[in-house]
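# Descriptive structure summary
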Amino acid sequence: MSNSISVRVPATSANIGPGFDTIGVALDLHNVFYFDVLTASASPVLRPRTLVLGEDSLAHLALNRLYEKLGKQRPKLFVQTEANIPFSRGLGSSSTAVVGGLLGGNALLGNPLDREEILALALEIEGHPDNVAPALFGGFQIAVREPDGTITRVSVPAPEGLKAVVCIPELILPTEQARAALPESWTRAETVANLGRVAVLMTALLSRRWELLRVGMDDRLHQPYREKLIPGFRAALDAALAAGAYGAALSGSGSAMLAFTEAHEERIGEAMAGAIRSAGVLAQWMALNLDANGASIEAP
């Protein structure tokens, strides 16, 4: 067992198109977490470009839950993070803290739990399988949790060459606010529309028929209700498609949006950000590869 561990966890985009609460993808943008066991002879080492995480942070909460589950006494830990993922924008920053804490603590204990067990524990804390599953395993992940807690998970490898153009408005949108915008129930027409689009989305990903993503990333369950929270949202999606994106959708619960493409990233990114700016909100964009491998652990 090591006394120092670092965990690198990718950003995620959940609720992909019609895959509300079930389909997510890992992106090549990472938060890094550093875990050092403190002893009488070892002083904390503050690493460059990091923030020290307090005991009330999600990473510490995850650590406590892991040690509690395993019946182990938690050592005193100095935890830092290099935070590169925008917070409360629908890119899975909270999930990285949960996954980072669990994997870091597990590694310090000699990895007694496998990643499926880590996934189950992460869902007890975070609750959203479409965020934590891609953060752990990479690529596209479809995850369904039964009422008894059983998880069915299917991996779809990240297609080579497919990129995500992510538009990030300067607008913090807490998950609780985005969730409150949803109705208590949906109509039969809305439900049937999404069922068909999920089938089209999976066909597109598995067969690399990217022309299907325009329909396959459409949604009727959450985007129509959340778009009023994000000025310029609909115009940004339309602008992405007009600029050559295969498909575009809200990222997680927002405020970020993502579009898939193999080319013209700058044109698509500027089109999306320009639509948001025209609605009176500052925005930036970035082009990201998909993360094929998920979270990784190493000795710092």
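Okay, so let's go over this structure. (Residues numbered from 1 in each chain as written. Predicted model: local features only at pLDDT ≥ 70, side-chain atom pairs only at ≥ 80, totals over all residues. Heavy atoms only, no water.)

## Things to note about the sheet that holds strand E8 (residues 247-250)
Taken in spatial order, the 4 strands of this open sheet run E8-E9-E7-E10, and their pairing is antiparallel. Sheet topology places E8 and strand E10 (283-289) at the edges, where each strand pairs with a single neighbour. Neighbour-to-neighbour, the strand axes of this sheet turn through a mean angle of 20°, independent of strand direction. Both strand E7 (residues 163-169) and E10 contribute to a ladder of 7 bridges, which runs antiparallel. Looking at E10, one finds that Pro169 is bridged to Ala283. Contacts between helix H9 (residues 233-242) and the sheet are confined to E8 and strand E9 (257-261), with E8 contributing the most and set at about 160° to the helix. The sheet contacts of helix H10 (residues 265-278) involve E7, E9 and E10, and relative to E10 the element is tilted by about 150°. (Pairing = 2+ DSSP bridges. Helix = DSSP H or I, 4+ residues; strand = E, 2+ residues; numbered from the N terminus. Axes fitted to C-alpha atoms, helices over the stretch in contact; angles between N-to-C directions. Contact = heavy atoms within 4.5 Å.)

## Overview of the pattern of salt bridges
Oppositely charged side chains can form a pair if their charged atoms are brought close together. Using the criterion set out here, one finds 13 salt bridges in the structure. Notably, a salt bridge pairs Arg89 with Glu170, separated by 3.6 Å at the nearest N-O pair. Of the two residues, Arg89 is situated in the loop between strand E4 (77-82) and helix H2 (93-108) and Glu170 in the loop between E7 and helix H5 (175-180); the sequence distance between them amounts to 81 residues. Look at Arg89 and you get buried, because its relative accessible area is 10%. The closest approach of N and O atoms between Arg208 and Glu262, which form a salt bridge, is 3.9 Å. With Arg208 in the loop between helix H6 (188-207) and helix H7 (213-216) and Glu262 in the loop between E9 and H10, this residue pair connects regions lying 54 residues apart in the sequence. Judged by its relative accessible area of 33%, Glu262 is partly exposed. A single network of salt bridges, built from pairs that share partners, joins Arg65, Glu68 and Glu124. (Salt bridge = Lys/Arg side-chain N within 4 Å of Asp/Glu carboxyl O. Buried < 20%, exposed > 50% of the residue type's maximum accessible area, 1.4 Å probe, protein only.)

## Overview of H10
Since the α-helix advances by 3.6 residues per turn, residues separated by three or four positions end up pointing in the same direction. In this model, H10 (14 residues) spans 20 Å end to end at C-alpha, consistent with the 20 Å of a helix rising 1.5 Å per residue. Among the residues of H10, those classed as buried are Glu265, Ile268, Gly269, Met272, Ala273, Ala275 and Ile276. The buried residues of H10 occupy an angular sector of 155° when projected down its axis, which confines them to one face. Exposed positions of H10 whose direction lies more than 90 degrees from the buried face are Glu266 and Ser278. Looking at the packing, one finds that the buried side of H10 touches E7, H9, E9 and E10. (Expected span 1.5 Å × (residues − 1). Arc of directions from axis to C-beta.)

## Here we look at the packing of aromatic side chains
Applying the stated criterion across every chain yields a total of 3 aromatic pairs. Aromatic side chains Phe140 and Phe260 sit 5.8 Å apart centroid to centroid with 65° between the ring planes, which places their arrangement in the edge-to-face category. With Phe140 in strand E5 (residues 140-145) and Phe260 in strand E9, this residue pair connects regions lying 120 residues apart in the sequence. Exposure remark for Phe140: the relative accessible area of 1% places this residue in the buried category. A residue is classified by how much of its surface remains accessible, and Phe260, at 0% relative accessible area, is buried. Taking NZ or CZ as reference, Arg153 lies 3.6 Å from the ring centre of Phe137, over its face. (Phe/Tyr/Trp six-rings, centres within 6.5 Å; stacked < 30°, edge-to-face > 60°. Lys NZ or Arg CZ within 6 Å of the ring centre and 35° of its normal.)

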